[in-house]
Amino acid sequence: MFSMKKQYSNRIHFISNENDIPEFSNIRIFKIDCENIHTTNKLFETFSNILEFPAYFGQNWDAFNECLWDMEWIKDRYNVSKIEIYIFNIQHLLDKENEQEKRIFFDIINQDYFVASDDEQGKLNFPMDIQLFFNESEKDYFILTPVTMLWNSEEI
């Protein structure tokens, strides 16, 4: 079920500054500032509010993982084909006493996953094109994790 990988997910990108954020009509853009996210509860609350997680969001890591990588409701609500999430001030995310929680967060955001489609060619597709962007100057605060989870134990 797990594949070892020691590089950034293909969903992770780094930009020079916030002015580099492009505007496109078929892309829904979200911006999350981590400066005041010092606890796991605040992380869940902030991401849930900004990313418009559904009411059934369970305020735990499994639910966070599921909601973050699904986002089908955003596709339907805004009629978009892609979601871009810009995360700033990552160095302030979670206090030192929440180091294990911070590692879980980075494990989740640094994973690639693909869902097998029913098309005749058997291609693998993302359920929704979701890309994450961080400020290049904060790259040193990004925790690179060695594990990438893939749906259905598929090696990509």
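Being a predicted model, the structure only gives us computed values, none of them experimental. (Residues numbered from 1 in each chain as written. Predicted model: local features only at pLDDT ≥ 70, side-chain atom pairs only at ≥ 80, totals over all residues. Heavy atoms only, no water.)

Caption draft 1: Spatial organisation of the environment of Pro 54. Here Pro 54 lies in the loop between helix 1 (40-50) and helix 2 (61-70). Residue classification places Pro 54 among the buried positions, given a relative accessible area of 18%. C-alpha of Pro 54 to C-alpha of Met 71: the two residues are 17 residues apart in sequence and 9.2 Å apart in space. Apart from residues lying up to four places away in sequence, Pro 54 is in contact with Cys 67 and Trp 73. (Helix = DSSP H or I, 4+ residues; strand = E, 2+ residues; numbered from the N terminus. Buried < 20%, exposed > 50% of the residue type's maximum accessible area, 1.4 Å probe, protein only. Contact = heavy atoms within 4.5 Å.)

Caption draft 2: Structural view of helix 1. Regarding helix 1, the residues found buried are Thr 40, Leu 43, Phe 44, Thr 46, Phe 47 and Ser 48. Buried residues along helix 1 sit in contact with strand 3 (27-33), helix 2, strand 4 (82-88) and helix 4 (99-109). Glu 52, located one to two residues past helix 1, shows a positive phi value of around 55°.

Caption draft 3: Representation of the confidence of the model for the protein in the model. Mean pLDDT over the protein works out to 79, with 76% of the residues at or above the 70 mark. When mean pLDDT is taken per element in the protein, helix 1 scores highest with 97 and strand 1 (residues 2-4) scores lowest with 40. When the criterion is pLDDT under 50, residues 1-6 qualifies, and its contacts beyond four places in sequence or with other chains add up to 22 contacts. Within the model, pLDDT remains below 50 along residues 147-156, and this stretch shows 33 contacts once partners closer than five positions in the same chain are excluded. (pLDDT = per-residue confidence, 0-100.)

Caption draft 4: View of the pattern of salt bridges. Here the structure, examined in full by the defined rule, presents five salt bridges. Here Arg 77 and Glu 52 are joined by a salt bridge, their closest N and O atoms 2.5 Å apart. Placement of Arg 77 in helix 3 (residues 72-78) and of Glu 52 in the loop between helix 1 and helix 2 is noted, with a sequence separation of 25 residues between them. Of the residues examined, Arg 77 reaches a relative accessible area of 47% and is grouped as partly exposed. Ionic pairing is found between Glu 136 and Lys 139, a salt bridge with its closest N-O pair at 3.9 Å. Classification of Glu 136 as partly exposed rests on a relative accessible area of 39%. (Salt bridge = Lys/Arg side-chain N within 4 Å of Asp/Glu carboxyl O.)

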